[in-house]
Amino acid sequence: MSESQSIAPTSSPSGLTVPSASWTSSLRPVEADVHPLFVERWSPRAFEDEPVAPEALRSLFEAARWAPSSANEQPWLFVYATTPAERAQFLPALLPMNRAWAERAPVLVFLFSRKRFTQAGPFQGKPNPTALFDAGAAWMSLAAQAHLLGLSTHAMGGIDRAEASRRLGVSADEYEAVIGIAIGRRASPSTLAEPLASREVPSARRPLAEIAHQGPFESRT
């Protein structure tokens, strides 16, 4: 896929007209051939309030289940809410800036990372230095599967981690709260108040040269 490519907008499962890989030529130009999935996936804030089918949600967690992890420890834990009562319980663990738009999403998830190795072996009981990295791999697997199913996801670092542990009944000694995740079908930006509505577009990325360096790298000060 090159910068000059132009692919016409397509109709989403929610009935919206959404841009396909076409907008890579303007909003998200690419610098090398890459599968459209990686460029088309983005994090909206406008969600339809229609439920996500249980089998679709199960598919997302199944994708996350197969993410790679150090020593196959699989330190991730997804705790999710789909009913109004559950979401009301989860929402106060989001910071107000995220709660304002995420309250409309039909699925709210909190991702936790287990702090110590649990499997039998020389590392059992010791801190797992890659647990957060592995949990991130599981999140990306979930996000990619969601996109393939016509769903959108938005990960939120703006959470009250202590409150998330307390409200969701997850031991803060055993697990670290990592992110909140909103899941659903993308809605029109008009469902958002300003200034969020104006920001409801795919974000750009740093140039490739800034994130990948061949050979020894000397930090620039």
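Residues numbered from 1 in each chain as written. Predicted model: local features only at pLDDT ≥ 70, side-chain atom pairs only at ≥ 80, totals over all residues. Heavy atoms only, no water.

## So, the overall build of the protein
So, step 1. Scanning the protein from terminus to terminus reveals seven helices and six strands.
So, step 2. Mapped in sequence order, the helices and strands of the protein form the string β-β-α-α-β-α-α-β-α-β-α-β-α.
So, step 3. The buried share of the protein, reckoned over its 221 residues, is 41%.
So, step 4. Here the contacts in the protein between residues at least 6 apart in sequence split such that 71% fall between residues at least 24 apart. (Helix = DSSP H or I, 4+ residues; strand = E, 2+ residues; numbered from the N terminus. Buried < 20%, exposed > 50% of the residue type's maximum accessible area, 1.4 Å probe, protein only. Contact = heavy atoms within 4.5 Å.)

## Here's the deal with unusual backbone geometry
So, step 1. Cis rather than trans, the peptide bond between E194 and P195 has omega equal to 5°.
So, step 2. Note on placement: P195 falls in the loop between β6 (175-184) and α7 (208-211).
So, step 3. The phi dihedral of A71 falls on the positive side, at around 55°, and the residue is not glycine.
So, step 4. Mapped onto the fold, A71 is located in the loop between α2 (54-65) and β3 (76-81).
So, step 5. In this structure, N72 is a non-glycine residue whose phi angle is positive, near 55°.
So, step 6. Residue placement: N72 occurs in the loop between α2 and β3.
So, step 7. By relative accessible area, which is 46% here, N72 ends up partly exposed.

## Some points on the pattern of salt bridges
So, step 1. For the structure on display, the rule yields six salt bridges.
So, step 2. A salt bridge links E50 to R185; its shortest N-O distance comes to 3.7 Å. On the criterion of sequence distance, the pair formed by E50 in the loop between α1 (36-40) and α2 and R185 in the loop between β6 and α7 is long-range, its members being 135 residues apart.
So, step 3. Given the relative accessible area of 35%, E50 is considered partly exposed.
So, step 4. You can call R185 partly exposed: its relative accessible area is 21%.
So, step 5. Of the charged contacts in the structure, one is a salt bridge between E163 and R166, with a shortest N-O distance of 2.8 Å. Taken together, the residues E163 and R166, both in helix α6 (residues 161-168) and three residues apart, mark about one turn of the helix.
So, step 6. The exposure class assigned to E163 is buried, which follows from its relative accessible area of 18%.
So, step 7. Sharing partners across several salt bridges, the network here consists of E163, R166 and R167. (Salt bridge = Lys/Arg side-chain N within 4 Å of Asp/Glu carboxyl O.)

## Regarding the side chain of E40
So, step 1. Looking at the secondary structure, you find E40 in helix α1.
So, step 2. Buried charge without a partner: E40 forms no salt bridge, and the closest opposite charge is R28, 9.2 Å away.
So, step 3. At a separation of 3.4 Å, a polar atom in the side chain of E40 contacts the side chain of H147. (Lys, Arg positive; Asp, Glu negative; His and termini not counted. Polar contact = N/O pair within 3.5 Å; in protein donor to acceptor, adjacent residues only side chain to side chain.)

## Considering helix α5 (residues 131-148)
So, step 1. Compared with the 26 Å implied by 1.5 Å per residue over 18 residues, the 26 Å span of α5 between its first and last C-alpha is a close match.
So, step 2. The positive-phi residue at the C-terminal boundary of α5 is G150, with phi of around 80°. (Expected span 1.5 Å × (residues − 1).)

## Here we look at the side chain of S69
So, step 1. Mapped onto the fold, S69 is located in the loop between α2 and β3.
So, step 2. Given the relative accessible area of 19%, S69 is considered buried.
So, step 3. Within the structure, S69 has its side chain in polar contact with the backbone nitrogen of E73 (distance 3.2 Å).
So, step 4. A polar contact of 2.9 Å, which involves the side chain of S69, links it to the backbone nitrogen of Q74.

Any functional reading would require information that these geometric values do not contain.
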